[in-house]
Amino acid sequence: MSPVTPLVLVVEDETAIATLLRYNLEREGFRVCIATDGEEALIIAAEQNPDLVLLDWMLPMLSGIEVCRRLRRLPNARATPIIMLTARGEEGDKIRGLDSGADDYVTKPFSVSELIARVKAVLRRTRPSVDGESLTFADVMLDLAAHRVRRNNRDIHLGPTEFRLLRYLMEHPGRVFSREQLLDAVWGADVYVEPRTVDVHIRRLRKALNAEGETDIVRTVRSAGYALDETVDVNG
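Parameters and conventions
Residues numbered from 1 in each chain as written. Predicted model: local features only at pLDDT ≥ 70, side-chain atom pairs only at ≥ 80, totals over all residues. Heavy atoms only, no water. Pairing = 2+ DSSP bridges. Helix = DSSP H or I, 4+ residues; strand = E, 2+ residues; numbered from the N terminus. Axes fitted to C-alpha atoms, helices over the stretch in contact; angles between N-to-C directions. pLDDT = per-residue confidence, 0-100. Contact = heavy atoms within 4.5 Å. Buried < 20%, exposed > 50% of the residue type's maximum accessible area, 1.4 Å probe, protein only. Arc of directions from axis to C-beta. Polar contact = N/O pair within 3.5 Å; in protein donor to acceptor, adjacent residues only side chain to side chain. Salt bridge = Lys/Arg side-chain N within 4 Å of Asp/Glu carboxyl O.

Student: What am I meant to see in the sheet that holds strand S1 (residues 7-11) here?
Tutor: Reading across the sheet, the five strands line up as S2-S1-S3-S4-S5 and stay open at both edges, with parallel pairing between neighbours. If you trace the sheet from one side to the other, it starts and ends with strand S2 (31-35) and strand S5 (104-107), each paired once. The sheet shows a mean angle of 20° between the axes of neighbouring strands, direction not considered. With four bridges connecting them, strand S4 (residues 82-86) and S5 associate as parallel partners. Considered in S5, the bridge of Ile-83 is made with Asp-104.

Student: How should I be thinking about the confidence of the model for the protein in this particular structure?
Tutor: Fine structural detail should not be taken from predicted coordinates in areas where pLDDT scores are low. Within the protein, residue pLDDT values average 81, and 85% of them lie at 70 or more. When pLDDT is averaged over each helix and strand of the protein, the minimum, 59, is found for helix H4 (residues 91-99) and the maximum, 94, for S2. Note on residues 232-236: pLDDT under 50 across the span, and 17 contacts to partners over four residues away in sequence or across chains.

Student: I keep staring at helix H2 (residues 38-48) and nothing clicks. Help me out?
Tutor: For an α-helix the count is 3.6 residues per turn, leaving residues at separations of three or four pointing the same way. The complete set of buried residues in H2 reads Gly-38, Ala-41, Leu-42, Ile-44 and Ala-45. Across the axial projection of H2, the buried residues extend over an arc of 165°, all falling on one side. Buried positions along H2 lie against S1, S2 and helix H3 (64-71). Structurally, the start of H2 carries an N-cap: the backbone nitrogen of Glu-39 is 3.0 Å from a side-chain oxygen of Asp-37. Note on H2: the residue one or two positions beyond its end, Asn-49, has a positive phi of about 50°.

Student: Help me out: how do you make sense of the pattern of salt bridges in this one?
Tutor: For the structure on display, the rule yields 18 salt bridges. Put simply, Arg-70 and Glu-66 hold a salt bridge, and the shortest N to O gap is 3.0 Å. In this pair, Arg-70 and Glu-66 are both assigned in helix H3, four residues apart and thus about one turn of the helix distant. Since its relative accessible area comes to 30%, Arg-70 is described here as partly exposed. By relative accessible area, Glu-66 is classed as partly exposed at 22%. The salt bridge involving Glu-214 is made with Arg-151; its shortest N-O contact spans 3.7 Å. Within this pair, whereas Glu-214 is found in the loop between helix H8 (196-209) and strand S10 (218-221), its partner Arg-151 is found in strand S8 (residues 148-151), the two being separated by 63 residues in sequence.

Below is the structure:
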């Protein structure tokens, strides 16, 4: 963590969920404040300048979508990362949430460990010092400073493209990215590369990461793309 511990504003009207999030975030070293409705969230955001907002969609007073829009109009919150929490899982609803200004979107019920990982990943992008110089997912550790990767205490040797690809996936655990999205993020939007090139580098990444009997954490989503996931079948 950085010397100033990040403050997370949790906007959630269900007491049990708010308590669960506070407990797990504080256990990970974050400071936490709670708002139970949209109006209160806007007041706290203006007064306390949180480093990240976990925002429920369904709120009394104001919807999460409206709170998100208003936060983006506050001078001190225009760049504050916002992760929306909602039971609305349809693609159209996700697009609405992202279009309103959210940086990420988590559907209820959610894995607390995945949510914490996403919080850290978003903060790394906006405040690189927040989580030091390394990324961790499952039993894989990526050292950004030394440009090294280890799994189960053994060194993993990756080429520069596979390293950048793994880093991007580890910064967004659980999210599915199309080949085109990975090309833009890893190779750059100005570089022309065939989309199938991503498949080649994913194969190389898997071959380097996976020893016999280990879980393949890179999930292939048919007709969609790739994601980092701990639930993939062994060497699948």
